[in-house]
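Breakdown of the fold
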Amino acid sequence: MALIGMCLQQGIPVAAAHVNYHLRPQAEEEEAYVRQFCKEHDITLFVRNEPFIPEGNMEAEARKWRYDFFVSLVERYHLNGVLIAHHMDDLIETYIMQEEKNLIPAFYGLKEEMLYQGVTVRRPLLSHTKAQLVAWCEKNQIHYYVDATNLSDAYTRNRIRHSIVEKLSDSQRRLYLQEIERKNAEKQERECRVNAIAEHGPILLSLYRSMSEEDRIALLRALVEKDGSHRSLASWKQVDQIIMEHDDFMIPCGAFQLVQEDGFLRKEKKSEPYEHVYATVEELKSAVSSWYVVREGKPGINALSLKETDFPVVIRNAEMGDVISMRFGSKKVHRFFIDRHIPKWRRKQWPVVENAEGKVIFVAGLGCDVDHYTVKPDVNVLSLYHYTKD
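A few words on the overall build of the chain. Of the regular secondary structure elements, the chain holds 14 helices and 19 strands. A globule of 390 residues ought to have a C-alpha radius of gyration of about 21 Å, yet the chain, at 31 Å, is considerably larger. Across its three principal axes, the chain shows a C-alpha extent of roughly 95 × 45 × 35 Å. For the chain, the accessible area works out to roughly 22,200 Å², and carbon and sulfur atoms hold 51% of it.

Okay, here's the thing in structure tokens:
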């Protein structure tokens, strides 16, 4: 009410948007008052009052409910943007909540201006305290309502408001605002620095390990959060600890994973199990896959000859427990990975060939079993790891 009153006083043309969630006894009275106020002052009013039924986090869903409504109005009626009446108390409360939850937010406190779904959202009252806005309404005889749920300490924000923010002196408020400004400046500078590193692709592990913890966490977020993998600060610290202490790792991050290869930290798509069936040698020769290639047969470590009784053959990713019978005895595929220093994440993609009896007869990079060796092979099967390196 203070915000719309100030707009009227300064001659700023506005429309009003009111959202009624029907969750409080006062909700109907408040909607009726807003309708009356806007009618008296010739302000166009839009109301969203269909039933709101949250399924999870009520606060987050309610925020999306109203902001989506605001955006739809801006786009439909070609308005300039959205004005929100958050004030200084809201800003400080938000910052304290971020600190209590040990979060690394996109922004400390509240941004004065931001984009939501491409629409400008401004908060012009962040320099005003709640008490100042209440006083302004009373001086200008503008009626306002107090949300009764704000009086309960059952909600974290209310507890912070009553026990901390409302008791702050002017000098304490200034200190909070200075701290928020400093943290945002540091965060912006750090993000510029680490984004330059992240944009260049694989990152030298030695470089990563030489950085401060704050820079390392920011770099991890720059690598994966744009793809939708969001974690708490504690979770990012666990990821960082693995990278700092282990030379071979595979850390899931949403649709991607952080891996080590050849001394570099890389972001790769998650490895999914695969199993491709081929009925004939001709089918096998035309195989197309993201993890292996099949070529005309030439003698060597990737050569494989096949018998009619082997078909249908399956090319699949290696699995724990796979064993192949070589000329020098049985060999565990896992042992081959260890001996050849194959990175863990590559092992999830590694191709083996299994015959109709379910027997592993070939492992890329190791060779075929004792029964399928020949100097005139039918095909060569190569993992893309070796193929691209060669």
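Let us keep going from here.
Where helix α9 (residues 213-224) contacts helix α10 (residues 233-245), the axes come no closer than 10 Å and their chain directions differ by 100°. As the angle between them shows, α9 and α10 are arranged roughly perpendicular. In this structure, α9 contributes Glu213, Arg216, Ile217, Leu220, Arg221 and Val224 to the contact, and α10 contributes Leu233, Trp236, Lys237, Val239, Asp240, Ile243 and Met244. Grouping the constituent residues of the contact of α9 with α10 by class yields 8 nonpolar, no polar and 5 charged.

The next subject is the layout of surface pockets. As a volume, the second largest pocket reaches approximately 600 Å³. Around the second largest pocket, the lining comprises 21 residues; the ones closest to its centre are Ile104, Tyr108, Arg190, Glu214 and Ile217. When residues of the lining of the second largest pocket are traced back to their parent elements, those giving at least two are α7 (170-198), α9 and α10. For the lining of the second largest pocket, the residue count by class is 7 nonpolar, 2 polar and 12 charged.

Moving on: unusual backbone geometry. A cis geometry characterises the amide bond from Phe311 onward to Pro312, with omega recorded as 0°. Looking at the element boundaries, Pro312 is found in the loop between β12 (303-304) and β13 (313-317). Positive phi values are uncommon outside glycine, yet Gln117 reaches one of about 50°. Structurally, Gln117 can be placed in the loop between β4 (113-116) and β5 (119-122).

What follows covers the pattern of salt bridges. For the coordinates displayed, the defined rule picks out 28 salt bridges. Where Glu50 meets Arg48, a salt bridge forms, and the shortest distance between an N and an O atom there is 2.8 Å. A relative accessible area of 35% means that Glu50 is categorised as partly exposed. For Arg190, the salt bridge is made with Asp215, and the minimal N-O distance between the two is 2.7 Å. Note that Arg190 is positioned in helix α7 and Asp215 in helix α9, a separation of 25 residues in sequence.

Parameters at a glance
Residues numbered from 1 in each chain as written. Predicted model: local features only at pLDDT ≥ 70, side-chain atom pairs only at ≥ 80, totals over all residues. Heavy atoms only, no water. Helix = DSSP H or I, 4+ residues; strand = E, 2+ residues; numbered from the N terminus. Rg over C-alpha atoms; globule rule 2.2 N^0.38 Å. Areas by Shrake-Rupley, 256 points an atom, 1.4 Å probe, with all protein chains shown as cover. Axes fitted to C-alpha atoms, helices over the stretch in contact; angles between N-to-C directions. Parallel < 35°, antiparallel > 145°, perpendicular 65-115°, else oblique. Contact = heavy atoms within 4.5 Å. Nonpolar A, V, L, I, M, F, W, Y, C, P; charged D, E, K, R; others polar. 1 Å grid on protein atoms, 1.4 Å probe; cavity = no way out; pocket = protein on both sides within 12 Å on 5 of 7 lines; lining within 4 Å. Points joined across faces, edges and corners; volume = space filled by probe spheres on them. Salt bridge = Lys/Arg side-chain N within 4 Å of Asp/Glu carboxyl O. Buried < 20%, exposed > 50% of the residue type's maximum accessible area, 1.4 Å probe, protein only.

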